[in-house]
Amino acid sequence: MQTATSTNIYQLTEEQLAVRDAARDFAQSELWAGVIERDEHQKFPAEQVKKMGELGFMGMMVSPEYGGSGLDTVSYVLAMEEISKVDASCSVIMSVNNSLVCWGLEKYGTEEQKRKYLPRLCSGEIIGAFALSEPEAGSDATSQRTTAEDMGDYYLLNGTKNWITNGTTASVYLVIAQTNPELKSRGINALIVERDTPGFQVGPKENKLGIRGSDTCSLLFTDVKVPKENRIGDDGFGFKFAMQVLAGGRIGIAAQALGIASGALELSLKYAKERKAFGVEIAKHQAIQFKLADMATNIDAARLLCLQAAADKDHGADYGKSGAMAKLFASKVAMDSTVEAVQIHGGYGFVKEYHVERLMRDAKITQIYEGTSEIQKIVISRELLK
């Protein structure tokens, strides 16, 4: 009796496979060599980001009309996984620029806004940042203390934003602020703020546990004048805008978590075949085999969830639930897999040169940013109970 070979239910196109392979080649040839040094010294990967722009990874889903690569979300997920295997700091820079900034501008921005910002964002000439979180408004995104007072032909922006990825290096910031408090979430606006605007101050870089090559900081706004033409969408559209871009952003972070887990598995397989204990390679010990089997099974399941969410987005289906499921599960798999990778490596897993301790530190943030795991459960359960 013949045994059927495994079939990939997601039949990737030649173009999608080419994107995946290009991302893999870039990660291995351009990111691997200096990733430990960048992590240790919190060094922003400026040269690598510029090359990502040249290769089309900074505006993957943007139409070529605005300087983008015109690719689908599945291709984006594949590229994110490969880059995240090696350097999650680079992949989160890429994710914010793609999912939160470029996609939001192309989907909801005016023609003038698209033509002014997208070509430079897609090329990597400039980087974008998304500013929603505040000292008292993380998971509760409706509690915006940053205000955008309507002054007629401009808004007067005041407040503080926290935990802003690309904060010290961005040139363009999408800032969420409250204009009409009495309307609550329906009184929030999304504004485009350029870095050199008077009254806008960038805070110092945070000293973080993981993704240390990525810069994260606070932003301070003191009587910042933002022209009305820099508002995204109609008056009061800001909260809906933020929720829409975050729903897509979760797919990117799910793919990042998937990549971190995949990278941990690849390193563990290599080490298990080389390291000997009790006279044989540790890969021949059942205790190690079971760890590898669990890691591989969970990673494959996470990949299917990521691809499902990406396919939903590409086909115009509701991807709120599938994206939340992908992020919830993939981030847990990333954390579990990297912990096991350190265990498989034993004492070597605790030192930097074997990479897995860095992957473990990087994995944790995927359970926190762009919606904590607890928030993802709220999103999923709400969809189930409709």
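Residues numbered from 1 in each chain as written. Predicted model: local features only at pLDDT ≥ 70, side-chain atom pairs only at ≥ 80, totals over all residues. Heavy atoms only, no water.

For the protein chain, the name recorded in an unreviewed UniProt entry is Cyclohex-1-ene-1-carbonyl-CoA dehydrogenase, with Hymenobacter montanus as its organism. Listed under Cofactor (unreviewed entry) in UniProt, the entry text for the protein chain is "FAD". Per UniProt, the comment on the protein chain under Sequence similarities (unreviewed entry) is "Belongs to the acyl-CoA dehydrogenase family." (UniProt positions renumbered as here; feature names shortened; annotations may be inferred.)

Chemist: Lay out the overall build of the protein chain with the relevant residues and their values.
Modeler: Secondary structure summary: the protein chain contains 11 helices and 9 strands in total. By the compact-globule yardstick of 21 Å for 386 residues, the protein chain fits well, its C-alpha radius of gyration being 21 Å. Principal-axis analysis of the C-alpha atoms gives the protein chain an extent of 75 × 45 × 40 Å. For the protein chain, the residues scored as buried account for 54% of the 386 residues in total. When contacts within the protein chain are restricted to residue pairs at least 6 apart in sequence, long-range pairs at least 24 apart make up 74% of them. Accessible surface computed for the protein chain: about 17,300 Å², of which carbon and sulfur atoms make up 52%. Across the protein chain, the centroid of the 43 positively charged side chains sits 4 Å from that of the 50 negatively charged ones. (Helix = DSSP H or I, 4+ residues; strand = E, 2+ residues; numbered from the N terminus. Rg over C-alpha atoms; globule rule 2.2 N^0.38 Å. Buried < 20%, exposed > 50% of the residue type's maximum accessible area, 1.4 Å probe, protein only. Contact = heavy atoms within 4.5 Å. Areas by Shrake-Rupley, 256 points an atom, 1.4 Å probe, with all protein chains shown as cover. Lys, Arg positive; Asp, Glu negative; His and termini not counted. Charge placed at Lys NZ, Arg CZ, Asp CG, Glu CD.)

Chemist: Lay out the UniProt feature "domain: Acyl-CoA dehydrogenase/oxidase C-terminal" (unreviewed entry) in the protein chain with the relevant residues and their values.
Modeler: With numbering aligned to this structure, UniProt lists the feature "domain: Acyl-CoA dehydrogenase/oxidase C-terminal" (unreviewed entry) at residues 238–384. For residues 238–384, the end-to-end C-alpha separation is 26 Å, with 78% helix and 3% strand making up the annotated structure.

Chemist: Could you give me a rundown of the packing of aromatic side chains, with the residues and numbers involved?
Modeler: Under the counting rule described, the total for this entry stands at 10 aromatic pairs. Between the aromatic rings of Y108 and F237, the centroid separation amounts to 5.1 Å while the plane-to-plane angle is 55°, which identifies the pairing as tilted. Of this pair, Y108 sits in helix 5 (residues 88–108) while F237 sits in the loop between strand 7 (216–227) and helix 7 (238–274); the two residues are 129 residues apart in sequence, bridging distant segments of the chain. Pairing Y271 with Y354 gives two aromatic rings, centres 6.2 Å apart and planes at 90°, and the pair type is edge-to-face. (Phe/Tyr/Trp six-rings, centres within 6.5 Å; stacked < 30°, edge-to-face > 60°.)

Chemist: Report on the state of the cysteines, specifying residues and quantitative values.
Modeler: Applying the stated rule across the entire model yields 0 disulfides. Not engaged in a disulfide, the cysteine C217 finds its nearest cysteine sulfur in C90; these two sulfurs lie 18 Å apart. Residue C217 is classed as buried on the basis of its relative accessible area, which comes to 0%. Note on C306: no disulfide assigned, nearest cysteine sulfur contributed by C90 at a separation of 19 Å. (Disulfide = S-S within 2.5 Å.)

Chemist: Kindly report on a nonpolar patch on the surface, identifying the contributing residues and their values.
Modeler: A surface patch of nonpolar side chains, about 330 Å² in accessible area, is lined by Y348, F350 and V351. With respect to the secondary-structure elements, V351 resides in the loop between helix 9 (320–345) and helix 10 (356–365). Taking relative accessible area as the criterion, V351 reaches 36% and is therefore assigned partly exposed. (Patch = residues over 30% accessible without salt bridge, like charges linked within 9 Å, V, L, I, M, F, W, Y side chains within 5 Å. Salt bridge = Lys/Arg side-chain N within 4 Å of Asp/Glu carboxyl O.)

Chemist: Explain the environment of Q28 residue by residue, including any values.
Modeler: Along the polypeptide, Q28 turns up in helix 1 (residues 14–31). For Q28, a relative accessible area of 44% gives the class partly exposed. Taking the C-alpha atoms as reference, Q28 lies 8.5 Å from I83; in sequence the two are 55 residues apart.

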